[in-house]
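One letter stands for each residue in the lines below.
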Amino acid sequence: MGTEKRTEKRTEEQRRAEALALLKHILDIPSVNGKDREQETAVYLAEYLKRKGMETRVQLIDEHHGNVIGVLKGKTEETILFNGHLDTVPYGDINEWNTNPAVCTEQDGRLYARGASDMKSGLAVMAFVLGELAESGCVPQKTIVFAGTCDEERGGLGAKEIIKEYPDLFPELLLIGEPTSCQAGVAQKGCIWLKLSVSGKTSHGAEPWQGINALEQGFGLLADLREELKREEHPVLGRSTLQITMAEGGIAPNMTPDRAKFLADIRIVPPLNEKEVLNRLECLMQKRCEVYNGGLAFVPEITNYRMPAETGPENQWLHRLKGFIGDDAGETGINYFTDASILLTAWPDSPALLFGPGEPQMCHKPNEYVEISKYLEAIRVMEKFCWYIAK
């Protein structure tokens, strides 16, 4: 078909079937981060959107990673950026799945597969609607850029590559298709992965007061930090969290451990940031170390940081999105990070909204699914939103 515009009218049933076929196909393309070639999903979407009439290309990064970029040129250089990630997390224990997670299965009004909620359904919504817009011959008022990014579930290689190639994009809006159950997502927690090394002093197990227990000090410090971070509460996201995800130390059952290492996963709400968390941690470390006159030492290291993000209630894009959702429109937030945490480092003034048909509570779990009715509802909302952009 090339870039020729389709002239025949399709029934609503035919459009529905095509939308479902698109989602089922990309769910059948394995894109487990660290295992599969994520760029295969990028290649498929690039070809799909090109057939519809969009300018597309695959932005190769390495043997396994690549982004898909689609552009629907508008009458102006003002840009709206649609983003979704191509990769999924691993399947986990296959025995906990009722269906094959690598193959899309339709049951009871749902599609089951890894990535069904997080977030190939959101990706398919954007691709289908933009494809329809392009195929209609529409030239929107603003240019719409679709960026399907790889490696979101780990280091964000794809989002970083987008910034590297398009540093001057400065989108008026960043819309991300993460699972929000068809509600307007206005906020997301940031993430800090903290590595903590503790040095204490060994002693006989029968005389613990002669030593400084590195394990106990590390647990105590991280508990103090957890309580400190919980003091702020966000109206949508709730409170920050900290959980210890690894603890290592000890010499023998009858010896006070003088060395310990910890990993902690910290999820922070705005306006907290990396610097503020480190400042609070430094105060808590200093307080503990003063008790032992130099016998206790902590060495913190941040191995990953994703900034939190929020869009205020007065934002006009948010008002439009909620209007298209309808009377049941609500505002929600997500506890995990998205590629917005990387993209906003380059374009901090761009508002970021989340909208997708997936169920947030199904992310990274066995028997992941998306409701077909919500997938089709998300397409309805996104079509109205895109036609608004086009005016």
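Residues numbered from 1 in each chain as written. Predicted model: local features only at pLDDT ≥ 70, side-chain atom pairs only at ≥ 80, totals over all residues. Heavy atoms only, no water.

Caption draft 1: Representation of the overall build of the protein chain within the structure. Counting its regular elements, the protein chain contains nine helices and 18 strands. The dimensions of the protein chain, computed from C-alpha atoms along their principal axes, are 85 × 45 × 40 Å. Burial analysis of the protein chain (391 residues in total) assigns 53% to the buried set. For the protein chain, long-range pairs separated by at least 24 residues make up 81% of all intrachain contacts whose partners lie at least 6 apart in sequence. (Helix = DSSP H or I, 4+ residues; strand = E, 2+ residues; numbered from the N terminus. Buried < 20%, exposed > 50% of the residue type's maximum accessible area, 1.4 Å probe, protein only. Contact = heavy atoms within 4.5 Å.)

Caption draft 2: Layout of the domain arrangement of the protein chain. Split by domain assignment, the protein chain resolves into domain 1 (10–186 + 307–388) and domain 2 (189–304). With centres defined by C-alpha atoms, the gap from domain 1 to domain 2 works out at 37 Å. Contacts between domain 1 and domain 2 engage eleven residues on the former and 13 residues on the latter. Here domain 1 and domain 2 share an interface that buries about 950 Å² over both sides, 59% of which is from carbon and sulfur atoms. Summed over the shared surface of domain 1 and domain 2, the number is zero salt bridges. (Domains from an automatic or database assignment. Buried area = accessible area lost by both parts, 1.4 Å probe. Salt bridge = Lys/Arg side-chain N within 4 Å of Asp/Glu carboxyl O.)

Caption draft 3: Expanded view of empty space enclosed by the protein. Tallied over the entire structure, the rule returns one cavity of 30 Å³ or more. For the largest cavity, the calculated volume is near 40 Å³. Looking at the largest cavity, the residues that line it are Leu 27, Ile 29, Pro 30, Ser 31, Val 32, Thr 88, Tyr 91, Pro 101, Ala 102, Arg 114 and Lys 120. A breakdown of the residues in the lining of the largest cavity according to their chemical character gives seven nonpolar, two polar and two charged. (1 Å grid on protein atoms, 1.4 Å probe; cavity = no way out; pocket = protein on both sides within 12 Å on 5 of 7 lines; lining within 4 Å. Points joined across faces, edges and corners; volume = space filled by probe spheres on them. Nonpolar A, V, L, I, M, F, W, Y, C, P; charged D, E, K, R; others polar.)

Caption draft 4: A look at the nonpolar core. By size, the foremost hydrophobic cluster in this structure holds 63 residues, and its most contacted members are Leu 45, Phe 82, Phe 146, Phe 355 and Met 382. Looking at which element gives the most residues to this core, the answer is helix α3 (residues 116–135), with twelve residues. When residues no more than four places from it in sequence are discounted, the contact partners of Phe 355 are Leu 175, Ile 176, Gly 177, Glu 178, Thr 180, Cys 182, Gln 183, Leu 321, Ile 325, Ala 378, Val 381 and Met 382. Listed in part, the 25 residues of the second largest apolar core include Leu 196, Val 198, Ala 260 and Leu 281. (Core = buried A, V, L, I, M, F, W, Y, C linked by side-chain atoms within 4.5 Å.)

Caption draft 5: Region of interest: the packing of aromatic side chains. Taken as a whole and judged by the stated rule, the model has seven aromatic pairs. Among the aromatic residues, ring-to-ring pairing joins Trp 317, Phe 324, Phe 385 and Tyr 388 into one connected group. The ring of Tyr 369 is capped by Arg 110, whose NZ or CZ atom sits 3.9 Å from the centre of that ring. (Phe/Tyr/Trp six-rings, centres within 6.5 Å; stacked < 30°, edge-to-face > 60°. Lys NZ or Arg CZ within 6 Å of the ring centre and 35° of its normal.)

Caption draft 6: The arrangement of the side chain of Ser 31 in detail. Of note, Ser 31 is situated in the loop between α1 (12–27) and α2 (39–52). Among the polar contacts made by the side chain of Ser 31, one reaches the main-chain carbonyl oxygen of Leu 86 at a distance of 2.8 Å. A polar atom in the side chain of Ser 31 sits 2.9 Å from the side chain of Lys 120. (Polar contact = N/O pair within 3.5 Å; in protein donor to acceptor, adjacent residues only side chain to side chain.)

Caption draft 7: Examining the side chain of Glu 161 more closely. You can see Glu 161 is positioned in helix α4 (residues 157–165). With a relative accessible area of 19%, Glu 161 lands in the buried category. Those residues in contact with Glu 161 that lie beyond four places of it in its chain are Gln 59, Ile 61 and Asn 67.

Caption draft 8: Fine view of the pattern of salt bridges. This model, assessed by the stated rule, comprises 31 salt bridges. For Arg 288, the salt bridge identified is with Asp 224, shortest N-O distance 3.1 Å. In this pair, Arg 288 is assigned in helix α6 (residues 274–291) and Asp 224 in helix α5 (residues 214–229), connecting sequence segments 64 residues apart. The network of salt bridges with shared partners includes Arg 10, Glu 12, Arg 15, Glu 18, Lys 52, Glu 132, Glu 135 and Glu 383.

Caption draft 9: Representation of the pairing of strand β1 (residues 55–60) within the structure. Sheet topology places β1 next to strand β2 (residues 66–72); six bridges connect them, and they run antiparallel. Of the residues in β2, the one forming a bridge with Thr 56 is Gly 70. The antiparallel hairpin formed by β1 and β2 contains five residues in its connecting segment. (Pairing = 2+ DSSP bridges.)

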